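# Structural features, examined
Chain by chain, the residues:
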Amino acid sequence: YPQAPLKAKRKRASPAQLSVLNHIFSQTYFPSTELRIELGKQLGMSPRAVQIWFQNKRQSLRTRERQQ
């Protein structure tokens, strides 16, 4: 059987990365493409990973607001 390419394991953001991401999130919920690229370079993440982090953060904020 040909080996199917293994999917990379999901990487959690480190405490240092979370600190920066949360700081930016407090300033804007929707970072520009340029800001996502810059954050990616600064934090060692892909711009897509930064985008997904912001999507998840916005969704968790909405969920918490609905529960209150």
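Our subject in this report is the structure included herewith. Quantities reported herein were computed from a predicted structural model and do not represent experimental measurements.

With that settled, consider helix H1 (residues 15–27). For H1, built from 13 residues, the straight-helix expectation of 18 Å at 1.5 Å per residue is met to within 8% by its first-to-last C-alpha distance of 19 Å. Those residues of H1 lying buried are Gln17, Leu21, Ile24 and Phe25. Down the axis, H1 shows its buried residues gathered within 105 degrees of arc, on one side only. Looking at H1, the residues exposed on the side facing more than 90 degrees away from the buried face are Pro15, Ala16, Ser26 and Gln27. Buried residues belonging to H1 abut helix H2 (33–43) and helix H3 (47–67).

Mapped onto the elements of the fold, Arg58 is located in helix H3. Among buried charged residues, Arg58 stands out as having no salt bridge; its nearest opposite-charge side chain is Glu65, 11 Å away. Excluding residues that lie within four positions of it along the chain, Arg58 makes contacts with Phe25, Tyr29 and Phe30.

Note on placement: Thr28 falls in the loop between H1 and H2. Residue classification places Thr28 among the partly exposed residues on the basis of a relative accessible area of 26%. In this structure Thr28 touches Leu35 and Phe54, once residues within four positions along its chain are discounted.

Rules of the game
Residues numbered from 1 in each chain as written. Predicted model: local features only at pLDDT ≥ 70, side-chain atom pairs only at ≥ 80, totals over all residues. Heavy atoms only, no water. Helix = DSSP H or I, 4+ residues; strand = E, 2+ residues; numbered from the N terminus. Expected span 1.5 Å × (residues − 1). Buried < 20%, exposed > 50% of the residue type's maximum accessible area, 1.4 Å probe, protein only. Arc of directions from axis to C-beta. Contact = heavy atoms within 4.5 Å. Lys, Arg positive; Asp, Glu negative; His and termini not counted. Salt bridge = Lys/Arg side-chain N within 4 Å of Asp/Glu carboxyl O.

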